[in-house]
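Examining the three-dimensional arrangement
Spelled out from the first residue to the last, the chains are:
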Amino acid sequence: MTINGQGVEIAIDNRTTLVDLLRGQPNLTGTKKGCDRGECGACTVLVNGRRVLSCMTLALALEGSDVLTIEGLAPEGELHPVQRAFLEKDAFQCGFCTPGQVMSAVGCIQEGHAGSADEIKEWMSGNICRCAAYPQIVEAVSAAAAELGEGSR
Ligand code: FES
Ligand code: FES
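Report follows, based on the coordinates. Per-chain numbering applies: the sequence of each chain, read as written, is numbered from 1 onward. The lettering of chains begins at A and the numbering of ligands begins at 1, in the order of writing. Where local features are concerned, this predicted model is filtered to residues with pLDDT of at least 70; where side-chain atom pairs are given and counted, the filter is 80 or more; whole-chain, interface and lining totals use all residues. As a rule here, side-chain values come from all non-hydrogen atoms in the structure, and water together with hydrogens is ignored.

1. A short note on the pattern of salt bridges
Here is the rule: Whenever Lys or Arg places a side-chain nitrogen within 4 Å of a carboxyl oxygen from Asp or Glu, that contact is recorded as a salt bridge. The numbering of helices and of strands both runs from the N terminus, where a helix is a DSSP run of H or I of at least 4 residues and a strand a run of E of at least 2. For every residue, the accessible area obtained with a 1.4 Å probe (protein chains only) is divided by the maximum for its type, and the residue is called buried under 20%, exposed over 50%, and partly exposed between those limits.
The final tally for this structure, using the stated rule, is 6 salt bridges. Residue K33 pairs with D20 through a salt bridge whose shortest N-O separation is 2.9 Å. One end of the pair, K33, is in the loop between α1 (18–23) and β3 (44–47); the other, D20, is in helix α1, with 13 residues separating them in the sequence. The class of K33 is partly exposed, set by a relative accessible area of 33%. Judged by its relative accessible area of 35%, D20 is partly exposed. Salt bridges linked by common partners bring D20, K33 and D36 together as one network.

2. Points about the pairing of β3
What counts is decided by this rule: Following DSSP output, two strands are said to pair if at least two bridges run between them.
Of the two faces of β3, the one carrying T44 and L46 and the one carrying V45 and V47 are both buried. Relative to strand β4 (residues 50–53), β3 runs antiparallel, the two being bridged by 4 bridges. Counterpart to L46 in the pairing with β4 is R51. Taking the residues that link successive antiparallel strands as the turn, the β3-β4 hairpin has 2 residues, and the phi of N48 there is positive, at about 50 degrees. Sheet analysis places β3 next to strand β5 (residues 66–68), joined by 2 bridges and oriented antiparallel.

3. Comments concerning the sheet that holds β4
Rules: Here, two residues are considered to be in contact whenever any of their heavy atoms come within 4.5 Å of each other. For helices, the fitted axis covers only the stretch in contact; all axes are lines through C-alpha atoms, and the angles between them, taken along N-to-C directions, range from 0 to 180 degrees.
What the 5 strands build is an open sheet, ordered β2-β1-β5-β3-β4; its pairing is mixed. Every interior strand has two partners, whereas the edge strands, β2 (6–7) and β4, have only one. Most of the contacts of helix α3 (residues 98–110) go to β3, to which it runs at about 40 degrees, and overall it touches β3, β4 and β5.

4. With respect to the environment of R23
For R23, the position within the fold is in helix α1. Ignoring anything within four residues of it in the chain, the contact list for R23 reads L28, T29, T31 and K32.

5. Thoughts on the environment of V106
Its location among the elements puts V106 in helix α3. The class of V106 is buried, set by a relative accessible area of 4%. Contact partners of V106, with chain neighbours within four places excluded, come to L46, L73, H80 and V82.

6. Some points on the packing of helix α2 (residues 81–88) against α3
The condition is simple: In this scheme, roughly parallel covers angles under 35 degrees and roughly antiparallel covers those over 145, while 65 to 115 is roughly perpendicular and the rest are oblique. Whether a crossing is left-handed or right-handed is set by the direction in which the near helix is turned from the far one by less than a right angle, anticlockwise for left-handed and clockwise for right-handed. The residue classification treats Ala, Val, Leu, Ile, Met, Phe, Trp, Tyr, Cys and Pro as nonpolar and Asp, Glu, Lys and Arg as charged. All others, Gly included, are polar.
Interhelical geometry of α2 versus α3 gives an angle of 125 degrees and a closest axis separation of 9 Å. Comparing the axis directions of α2 and α3 gives the class oblique. Helix-helix and strand crossings are classified by hand; for α2 and α3 the assignment is right-handed. From α2, V82, Q83 and F86 reach across to α3, where they touch T98, Q101, V102, A105, V106 and I109. A class-by-class count of the residues in the contact of α2 with α3 yields 6 nonpolar, 3 polar and no charged.

7. Looking at unusual backbone geometry
Phi at N4 is positive, roughly 50 degrees, even though this residue is not glycine. Among the structural elements, N4 can be located in the loop between β1 (2–3) and β2. Positioned with a positive phi, D36 is a non-glycine residue whose angle comes to about 60 degrees. As for its placement among the helices and strands, D36 is situated in the loop between α1 and β3. The class for D36 is partly exposed, based on a relative accessible area of 36%.

Everything listed here is a matter of geometry and, on its own, says nothing about what the molecule does.
Structure, rendered in structure tokens:
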């Protein structure tokens, strides 16, 4: 598969989930394992441009796929507009949910589901924040969508 634009070949046990693969040998620990059962969204990454819960995805099924993690979002070191918006709007406290929130926000905006606060709440509802930074997260997604011009496609 390709991870963050780089082709990788890794021998894995066939029960390995994508989150465990990413956090293992490639050491991409930005993707967080929260609940490990598809409930919190902390492990969200993009696969072929679509949001997936990496704890619920068998890595073996992704042979040939294109995986984007938080580490690949700003490869040149300049923050992605969504990352910048999260900083500017103070959209986190502990930050544990943040990589998943950011990746989900990128997907949400690309899908054209960020046209209003209600729409953002609905389409980001799979991402839980224990610190309850939800108002700021919605503001950040909205601001990034406005900057990217893709929110209400
Ligand atoms: S760790 Fe995957 S949804 Fe919670
Ligand atoms: S910022 Fe702490 S869980 Fe979201």
